[in-house]
Amino acid sequence: MNQPLVFIDGDQGTTGLQIHARLQGRQDLRLLTLPETERKDPARRSEAINSADIALLCLPDAAARDAVATVRNRAVRVIDASSAHRTTPGWVYGLPELDQQQAERIARATRISNPGCYPTGAIALLRPLIAAGLLPTDYPLSIHAISGYSGGGRAAVERHEQPGDSYLPALQLYGLELAHKHVPEIQQHAGLATRPVFIPGYGHYRQGIVLSIPLQLRLLPGVRAEHLQACLEQHYQGARHVQVMPLHQHGPAPTLDPQALNDSNDLRLALFANPEHGQVLLTAVFDNLGKGASGAAVQNLDLLLAGLN
Ligand SMILES: NC(=O)C1=CN([C@@H]2O[C@H](COP(=O)(O)OP(=O)(O)OC[C@H]3O[C@@H](n4cnc5c(N)ncnc54)[C@H](OP(=O)(O)O)[C@@H]3O)[C@@H](O)[C@H]2O)C=CC1
Ligand SMILES: CC(=O)N[C@@H](CCC(=O)OP(=O)(O)O)C(=O)O
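Note that this is a predicted model, so its numbers are computed, not measured. (Residues numbered from 1 in each chain as written. Chains lettered and ligands numbered in written order. Predicted model: local features only at pLDDT ≥ 70, side-chain atom pairs only at ≥ 80, totals over all residues. Heavy atoms only, no water.)

A.B. asks: Please set out the nonpolar core residue by residue, giving values where relevant.
C.D. replies: The biggest cluster of nonpolar side chains holds 45 residues, and the ones touching the most others in it are Leu126, Leu211, Leu215, Leu228, Val280 and Leu282. Of all the elements, helix 5 (residues 117–131) adds the most residues to this core, at 9 residues. Split by domain, this core shows at least three residues from each of two domains, domain 1 (5–114 + 293–307) and domain 2 (117–286). Residue contacts for Leu215: discarding those within four places in its chain leaves Leu135, Tyr139, Leu141, Leu220, Leu228, Gly278, Gln279, Val280 and Leu282. If you look at the next biggest cluster of nonpolar residues, it comprises 19 residues, including Ile54, Ile79, Val298 and Leu304. (Core = buried A, V, L, I, M, F, W, Y, C linked by side-chain atoms within 4.5 Å. Buried < 20%, exposed > 50% of the residue type's maximum accessible area, 1.4 Å probe, protein only. Helix = DSSP H or I, 4+ residues; strand = E, 2+ residues; numbered from the N terminus. Domains from an automatic or database assignment. Contact = heavy atoms within 4.5 Å.)

Encoded structure:
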């Protein structure tokens, strides 16, 4: 198909703007853009969605559900960046590195749910270890992550970037009800039988996530840090957007900068171990707006386009 038509619903939001920027100058597709006066008009949006080959939804969950309900044209393929469909049967989870077949499943799918930013890091670390039997599905996991404030969308960006001197903390933990909307997604796609504890936080910087998951080796009989490392290295061998750093278990460890991969579509996994104490820390660094949202959406779009041509 020559130059498929792509519509970004929500193209003035944090995720939509970044997808737009990433697609600028592409000759292999055409972008359909609604004027400012029409971008929230349900009838015009529905028309645009139904005329597109691929619709990218960069909307709040409720608006994304409404948008999907307006699809009449069965040929339209949808990539939803919201969390509305991440555990919905019939939707393909848009993490191509999930397993050997996932990129192929995405390329053939009509409904793709882009992963959440935090789940991207957690699932990338946990899924291969659980699939290999190195981590039991009922391991009592805690997942901790700090994101730049753009994770909170346009409203959070405006709050953090408003001129003046209103107080904003350098770091704030939230989701302390222990009921964050990303937990079911992490549990399902990581393959966990037991609900993990998930503690997110926002830092007073724009974008970039550092996520960490501690493990106690005494709860994993026969497993050493080297086994976990080898498993991740093998799983991500040849993956273009995932780097597995060398295992660190002796001497002073480097620090992790959540902003290290900003503006890329890359995900960096690193394991830190202390053999004396029998402890391991699984870590992931990535851009919440890159591999955590817009970069991932463009990666999935490219898989669809490759399937169309
Ligand atoms: N920010 C992040 O790090 C990530 C976000 N996501 C998900 O992507 C989705 C978009 O998030 P994000 O870009 O951060 O959010 P933003 O709030 O920055 O953007 C949402 C956009 O949708 C528009 N919008 C809201 N309601 C409607 C509607 N009824 N019809 C048409 N347009 C509408 C908004 O317009 P207006 O501002 O004028 O209301 C805005 O342009 C969310 O579901 C979020 O969970 C996923 C991964 C990471
Ligand atoms: C808006 C929102 O819920 N932001 C999430 C973080 C960003 C993100 O993970 O976005 P998704 O939820 O789409 O994955 C939060 O506040 O925890």
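A.B. asks: Hey, could you go over the site of ligand 1 for me, with residue numbers and the actual values?
C.D. replies: In the vicinity of ligand 1 there are 26 residues, among which Thr14, Thr15, Arg39, Lys40 and Leu59 approach most closely. At a separation of 2.6 Å, an oxygen atom of ligand 1 approaches a polar side-chain atom of Thr14. Relative to its free-state accessible area of 890 Å², ligand 1 is covered by the protein chains to the extent of 81%. Taken together, the elements giving at least two residues each to the shell around ligand 1 come down to helix 1 (14–23), helix 3 (61–69), helix 6 (153–161) and helix 9 (290–308). Residues that form the shell around ligand 1 fall into these classes: 8 nonpolar, 11 polar and 7 charged. In this structure, the shell around ligand 1 is formed jointly by two domains, domain 1 (5–114 + 293–307) and domain 2 (117–286), each of which donates at least three residues. (Near = heavy atom within 4 Å. Polar contact = N/O pair within 3.5 Å; in protein donor to acceptor, adjacent residues only side chain to side chain. Areas by Shrake-Rupley, 256 points an atom, 1.4 Å probe, with all protein chains shown as cover. Nonpolar A, V, L, I, M, F, W, Y, C, P; charged D, E, K, R; others polar.)

A.B. asks: Lay out the domain arrangement of the chain with the relevant residues and their values.
C.D. replies: Examined at the domain level, the chain breaks down into domain 1 (5–114 + 293–307) and domain 2 (117–286). Each of domain 1 and domain 2 was reduced to a C-alpha centroid, and the two centroids are 26 Å apart. With 17 residues of domain 1 in contact, the opposing surface of domain 2 contributes 23 residues. Overall, the association of domain 1 and domain 2 removes approximately 1600 Å² of surface from exposure, summing both partners, and the carbon and sulfur fraction of that is 46%. Taken together, the links from domain 1 to domain 2 amount to 3 salt bridges. The salt bridge involving Asp61 is made with Lys181; its shortest N-O contact spans 4.0 Å. Elements with a minimum of two residues in the side of domain 1 that touches domain 2: helix 1 and helix 9. Classifying every residue of the side of domain 1 that touches domain 2 by side-chain character gives 4 nonpolar, 7 polar and 6 charged. (Buried area = accessible area lost by both parts, 1.4 Å probe. Salt bridge = Lys/Arg side-chain N within 4 Å of Asp/Glu carboxyl O.)

A.B. asks: Can you break down the UniProt feature "active site" (unreviewed entry) in the chain residue by residue, with the values?
C.D. replies: Following the UniProt record, one finds the feature "active site" (unreviewed entry) at Cys117. Considering the arrangement of structural elements, one finds Cys117 in helix 5. Its relative accessible area of 12% is what places Cys117 among the buried residues. When residues no more than four places from it in sequence are discounted, the contact partners of Cys117 are His182, Ile209, Phe286, Asn288 and Gly292. (UniProt positions renumbered as here; feature names shortened; annotations may be inferred.)

A.B. asks: Any chance you could break down the sheet that holds strand 3 (residues 54–57) for me, citing the residues and the numbers?
C.D. replies: Pairing in this open sheet of 6 strands is parallel, and the strands run 2-1-3-4-6-5 from one edge to the other. Taken across any chain shown, the strands that pair with only one partner, and hence form the sheet edges, are strand 2 (30–32) and strand 5 (92–93). Sitting on the sheet, helix 1 touches strand 1 (5–9), strand 2 and strand 3, and the angle it makes with strand 1 is about 155°. (Pairing = 2+ DSSP bridges. Axes fitted to C-alpha atoms, helices over the stretch in contact; angles between N-to-C directions.)

A.B. asks: Go over the site of ligand 2 with me, naming the residues and quoting the values.
C.D. replies: By nearness alone, every residue bordering ligand 2 is listed as Ala81, Arg86, Gly116, Cys117, Tyr118, Gly151, Tyr174, His180, Lys181, His182 and Tyr202. One nitrogen or oxygen atom from the side chain of Lys181 is found 3.1 Å from an oxygen atom belonging to ligand 2. The separation between an oxygen atom of ligand 2 and a polar side-chain atom of His182 is 2.6 Å. In the complex, 76% of the free accessible area of ligand 2, which totals 390 Å², lies under the protein chains.

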